[in-house]
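Residue-level listing of the chains:
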Amino acid sequence: MYATCKPGNFLRIIICDLVMIIAASVITIAGSDHWRALETDYISLPIIMYHSIYDSDNGDYVVSPQTVENDFKYLKNNGYNSVFIEDVINYVYYDKELPENPVVITADDGFYNNITYLLPLLEKYDMKATISVVGYYTEVLGANDPHIPEYSYMTWDDINASSKSGRIEFANHTYNMHSASSRKGCAKLNYETEEEYAKAFIDDIGLMQTLTKINTGITPAIFTYPMGYISKESIPLLKSMGFTAALNCYEKPNRITHDGNCLFTLNRYNRPAGISTEEFMKKALKV
């Protein structure tokens, strides 16, 4: 049944209905704009991954200083600004500003030639890099056979000296899980219980945290997965150990929001030899 009303009320009812319709439309439009803003409220962050850098272009993990310099020239000429992962963490958690067109330069494994060749290029082009160090390589291989650019690894003294440059930050790349012989990096084995895996993971990564703190005074906030192997069980372990970011090896873009979870799945593009800077950057920067 329809409610009855006096003739004098009829106009008021129509006006009220129109106001409600208009208000609902405004709310819907505003709501749509709000969600569109949320969907696009991110920063695109390309991350480039180098490894060994010396006077050779050889395969997927060794590039020459000239190749790196060509890459840096390209980035500078096209308006990209290198940032530390720490800068990205500060953006996510504390809303600290990032420069336009941010890009992250990383170098894995802690090769001594990162100091010999990479650091001077960082200084020349006013850039920064994140170097991921494997504890065993530093403690044993680097100490026993130091300072040969072709194959040596950084010693603790090297790490201390280069950290003073302001051009390099360091990440934990495990103490001795950079291997595919017994397990795939620090991934969980099929037959391990979650408790067994947690112990193995924390023992190794925790040892590297302790050694880095003792030898350099640095407690890394960044973890780098060896060979990119990830287990879903590892992320809560990293968080419990105080890490705030983790690097993998998936060649995909990054969308950085103010949700800290985005920092634990940071993708990177490996820089191989044999392709031009323009060809590589077309893939890594999606240009």
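Residues numbered from 1 in each chain as written. Predicted model: local features only at pLDDT ≥ 70, side-chain atom pairs only at ≥ 80, totals over all residues. Heavy atoms only, no water.

Undergrad: It is not clear to me how helix H5 (residues 135-144) should be interpreted in this structure. Could you clarify?
TA: Since one α-helical turn is 3.6 residues long, residues separated by three or four positions face the same way. Those residues of H5 lying buried are Gly-135, Tyr-137, Thr-138 and Gly-142. Buried residues of H5 fall within an arc of 160° about the axis and therefore sit on the same side. Buried residues along H5 sit against strand E6 (102-109), strand E7 (129-133), helix H6 (156-163) and helix H7 (194-216). (Buried < 20%, exposed > 50% of the residue type's maximum accessible area, 1.4 Å probe, protein only. Helix = DSSP H or I, 4+ residues; strand = E, 2+ residues; numbered from the N terminus. Arc of directions from axis to C-beta. Contact = heavy atoms within 4.5 Å.)

Undergrad: Mind showing me how you'd approach the side chain of Arg-268 here?
TA: Summarising the element assignment, Arg-268 is placed in the loop between strand E11 (255-256) and strand E12 (269-270). At 2.8 Å, the side chain of Arg-268 forms a polar contact with the side chain of Asp-108. Here Asn-248 takes part through its backbone oxygen, which lies 2.8 Å from a polar atom of the side chain of Arg-268. Among all residues touching Arg-268, those that are not within four sequence positions of it are Ile-47, Met-49, Thr-106, Asp-108, Thr-224, Leu-247, Asn-248, Cys-249, Tyr-250 and Glu-251. (Polar contact = N/O pair within 3.5 Å; in protein donor to acceptor, adjacent residues only side chain to side chain.)

Undergrad: Teacher, can you tell me more about the pattern of salt bridges here?
TA: Here the idea is simple: oppositely charged side chains can pair when their charged atoms come close. Overall, the coordinates contain nine salt bridges when judged by the stated rule. In this structure, Lys-199 and Asp-203 form a salt bridge, with 2.7 Å as the shortest nitrogen-oxygen distance. Of the two residues, Lys-199 and Asp-203 both sit in helix H7, four residues apart, roughly one turn of that helix. For Lys-199, a relative accessible area of 54% puts it in the exposed group. Across the pair Lys-283 and Glu-251 runs a salt bridge whose closest N-O atoms are separated by 3.4 Å. Of this pair, Lys-283 sits in helix H9 (residues 277-284) while Glu-251 is found in the loop between strand E10 (245-247) and E11, placing the two residues 32 residues apart along the sequence. On the basis of relative accessibility, which here comes to 37%, the residue Glu-251 falls in the partly exposed class. (Salt bridge = Lys/Arg side-chain N within 4 Å of Asp/Glu carboxyl O.)

Undergrad: What is the right way to read the pairing of E6 from this model?
TA: In the case of a regular strand, side chains alternate between the two sheet surfaces. E6 sits mainly inside the fold: eight of its eight residues count as buried. Note that strand E2 (residues 47-50) and E6 share four bridges and pair parallel. Residue pairing for E6: Met-49 is matched across the bridge by Thr-106. Examined bridge by bridge, strand E5 (residues 81-82) and E6 share two bridges and lie parallel to one another. Within E6, the residue paired with Ser-82 across the bridge is Val-103. Strand direction decides the pairing type here: E6 and E7, joined by four bridges, are parallel. (Pairing = 2+ DSSP bridges.)

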